[in-house]
Amino acid sequence: MTHPLTDSNSVKTLRFIRRGEVVSLNNVPPSRTLLALLREDLHLTGTKEGCGEGDCGACTVVLGEAEHGSLRFRAVNSCIRLAHSIDGMALWSVEDLAAKDGTLHPAQQAMLQCHGSQCGFCTPGFVMSLFGMYQNHVCQGQTITRELAQQDLSGNLCRCTGYRPILDAAQRMGTLPRAAIDEADLLQKLEQLAPSDIGPEADFSYKSPKTLDALLRARAAHPDAQLVAGCTDVGLSVTKLHQQFSKVLDITKVAELRRIEQHPQHIAVGAAVTLSDAFAALVADRPQLQTFATRFAGLPVRNSGTLGGNVANGSPIGDAMPLLIALGASVALMSIRGQRELPLEQLYTGYRQNVMAGDEVLAWIKLPQPTDGENLKVYKISKRYDDDISAVCLAIKLHIDKGAVTHASIGAGGVAATPVRAVKTEAVLMGQSWTEATVQKAMATLRTEFSPISDMRASSAYRVEVLGNLLRRYWLESQGQQQINLESFTLEDPA
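For clarity, every value in this text was computed on a predicted model and none was experimentally measured. (Residues numbered from 1 in each chain as written. Predicted model: local features only at pLDDT ≥ 70, side-chain atom pairs only at ≥ 80, totals over all residues. Heavy atoms only, no water.)

Chemist: Mind laying out the pattern of salt bridges, listing which residues take part and the relevant values?
Modeler: Applying the stated criterion to the full structure yields 32 salt bridges. Taking the shortest distance from any N to any O, the salt bridge between Asp185 and Lys189 comes out at 3.2 Å. Pair noted here: Asp185 and Lys189 are both in helix H6 (residues 183-193), with a separation of four residues, about one helical turn. On the basis of relative accessible area, Asp185 is assigned to the partly exposed category, the value being 29%. Exposure remark for Lys189: the relative accessible area of 26% places this residue in the partly exposed category. (Salt bridge = Lys/Arg side-chain N within 4 Å of Asp/Glu carboxyl O. Helix = DSSP H or I, 4+ residues; strand = E, 2+ residues; numbered from the N terminus. Buried < 20%, exposed > 50% of the residue type's maximum accessible area, 1.4 Å probe, protein only.)

Chemist: Tell me about the confidence of the model for the protein chain, and please be specific about residues and values.
Modeler: Per-residue confidence for the protein chain averages 93 on the pLDDT scale, and 94% of its residues sit at or above 70. The low-confidence segment residues 1-9, where pLDDT is below 50, has 23 contacts with residues more than four positions distant or belonging to other chains. (pLDDT = per-residue confidence, 0-100. Contact = heavy atoms within 4.5 Å.)

Chemist: Please set out the environment of Phe126 residue by residue, giving values where relevant.
Modeler: Residue position: Phe126 is located in helix H3 (residues 123-136). In the structure, Phe126 is positioned 10 residues away from Gly116 in sequence and 9.3 Å away in space, judged by C-alpha atoms. Ignoring sequence-local partners within four residues, the contact set of Phe126 consists of Met111, Leu153, Asn156, Leu157, Cys158, Tyr163 and Ile166.

Chemist: Mind laying out helix H7 (residues 212-221), listing which residues take part and the relevant values?
Modeler: For H7, the set of buried residues is Leu212, Ala214, Leu215, Leu216, Ala218 and Arg219. Where H7 is buried, its residues contact strand E7 (206-207), strand E8 (226-228), strand E9 (248-250), strand E12 (330-335) and strand E16 (361-368).

Chemist: Explain the sheet that holds E8 to me, and be specific about the residues and the numbers.
Modeler: Across the sheet, which stays open at both edges, the three strands sit in the order E7-E9-E8 with parallel pairing between neighbours. A single partner strand is all that each edge strand has here, and the edge strands are E7 and E8. Relative to E9, E7 runs parallel, the two sharing two bridges. Note on E9: the bridge partner recorded for Lys207 is Leu249. (Pairing = 2+ DSSP bridges.)

Chemist: An account of the environment of Val355 is needed here, citing residue identities and associated values.
Modeler: Mapped onto the elements, Val355 comes out in the loop between strand E15 (353-354) and E16. Looking at Val355, the relative accessible area reads 28%, which means it is partly exposed. Residues Val355 and Leu333, spaced 22 residues apart in sequence, show a C-alpha to C-alpha distance of 9.7 Å. In this structure, Val355 is in contact with Leu333, Arg340, Leu342, Gln346, Leu347, Thr349 and Glu360, ignoring residues within four places of it in sequence.

Chemist: Which residues make up the packing of aromatic side chains, and what are the values?
Modeler: One pass over the full model with this rule turns up eight aromatic pairs. Seen from their ring centres, Trp434 and Tyr474 are 5.9 Å apart, and the 80 degrees between their planes marks the pair as edge-to-face. Taken together, the residues span a long stretch of sequence, with Trp434 in the loop between helix H14 (423-429) and helix H15 (436-449) and Tyr474 in helix H16 (residues 460-478) at a distance of 40 residues. Of the two residues examined, Trp434 and Tyr474, each falls in the buried class. Seen in terms of ring centroids, Trp434 and Trp475 are 5.5 Å apart; in terms of plane orientation they differ by 70 degrees. Their pairing is edge-to-face. Here Trp475 lies in helix H16 and Trp434 lies in the loop between H14 and H15, a separation of 41 residues in the sequence. Looking at Trp434, the relative accessible area reads 10%, which means it is buried. (Phe/Tyr/Trp six-rings, centres within 6.5 Å; stacked < 30°, edge-to-face > 60°.)

This is the structure in structure tokens:
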């Protein structure tokens with residue numbers, strides 16, 4: 001079925017699958033959000049508009065994409081996702097879950113049975129996140145635990161119902177009669193729908209290259225185009241600042257940049273790899289990062305945003321960069337002129353400013369493989385435990401051999417105009433005995449190394465004090481103390 005939209009800015013036809021049918025939309029502006037497309041153009045008003053910044057989850061929908069011969073389901077925020085980014089995918093909104101005879105999907109039925117809704121505004125978003133969980137866990141024969149439910153629903157906020165009945169619903173839906181999707185049929189339709197770079201486009205308004213070479217050529221020809229990946233930050237320019245982009249260059253379909261490559265000395269994460277997949281790879285190598293990874297925004301944001309986008313954005317409160325700096329990460333910048341590589345902390349020149357030329361793209365983030373004796377910890381301090389922005393983020397990696405510090409690498413966020421490396425504090429630690437006296441000296445240095453600002457998240461004095469306290473916390477944990485952080489506590493299933 002075709003839905004012509006009227007707009008003077010002619011762009012490539014947007015095509016996706018909904019309810020097993022191909023939907024074709026003409027003349028969708030490049031800055032049109034998926035939420036606006038659903039509510040205003042397709043009149044699917046079950047998806048709600050709340051915060052407009054990917055924080056509340058009321059706008060959650062589920063996308064399906066073919067990956068390695070199977071169907072991958074992702075719950076995402078439609079409010080900050082650009083509509084053209086779902087070209088060639090399958091889409092489910094809350095209107096699409098019930099069967100044709102009106103039988104509710106287990107995600108809906110469980111919410112009904114567990115009384116998981118009061119005012120109902122947040123309910124469609126919760127239901128869609130539950131649907132994503134159902135496809136990724138229940139349909140794979142897995143049991144949804146209380147911990148998993150809380151983790152996957154962290155990107156959905158409720159102000160009146162309370163989370164206990166919603167978490168109950170998450171666990172209940174696996175006990176209800178199964179609702180299956182014909183994945184083989186859908187994969188076949190997606191394959192037929194798969195976009196390619198072959199053939200002319202109406203213009204350059206929204207372009208999604210499929211190869212790295214095509215991306216670099218497009219970037220060289222159009223350095224003024226807005227580069228986007230998951231749009232979890234750029235989307236705010238549309239929803240909050242009401243910006244309109246005449247040219248958008250989307251990297252998320254570039255095959256080479258969707259890969260995670262394992263090498264003997266390092267792991268290379270492509271710039272189009274989602275945060276969910278990037279963190280999964282990091283956690284596989286360093287299991288202690290699991291809690292930090294799940295505290296990086298909510299699942300719908302991690303399912304859409306990319307590690308490359310987070311790094312290129314360069315926000316001083318971006319959580320990934322302090323960790324990557326502590327790990328000794330480097331970035332590969334590419335253009336048609338060639339490639340150059342530099343340490344991550346050297347990428348930034350000022351607040352959200354970097355060394356990239358107009359024709360360059362950040363293509364890869366390279367992370368050293370774990371080494372023997374590595375002791376890595378990363379701490380996030382925020383007003384909310386889940387789904388919140390850091391006031392301070394500190395990542396510390398030390399090697400201690402025979403009681404002395406042989407290597408020190410410390411990354412910090414929220415304390416300067418850019419993510420930074422604590423080089424002075426590292427120098428104080430290097431070669432010194434790992435004792436409380438050494439730690440006290442390093443704490444004093446860390447508290448004077450930066451001059452953080454005061455803002456709505458924390459005062460300058462608080463940030464300075466916390467920096468030192470987190471280094472002491474690292475020391476205490478190295479001495480065996482565990483009951484000093486929330487990570488030590490587990491959420492048990494109710495009896």
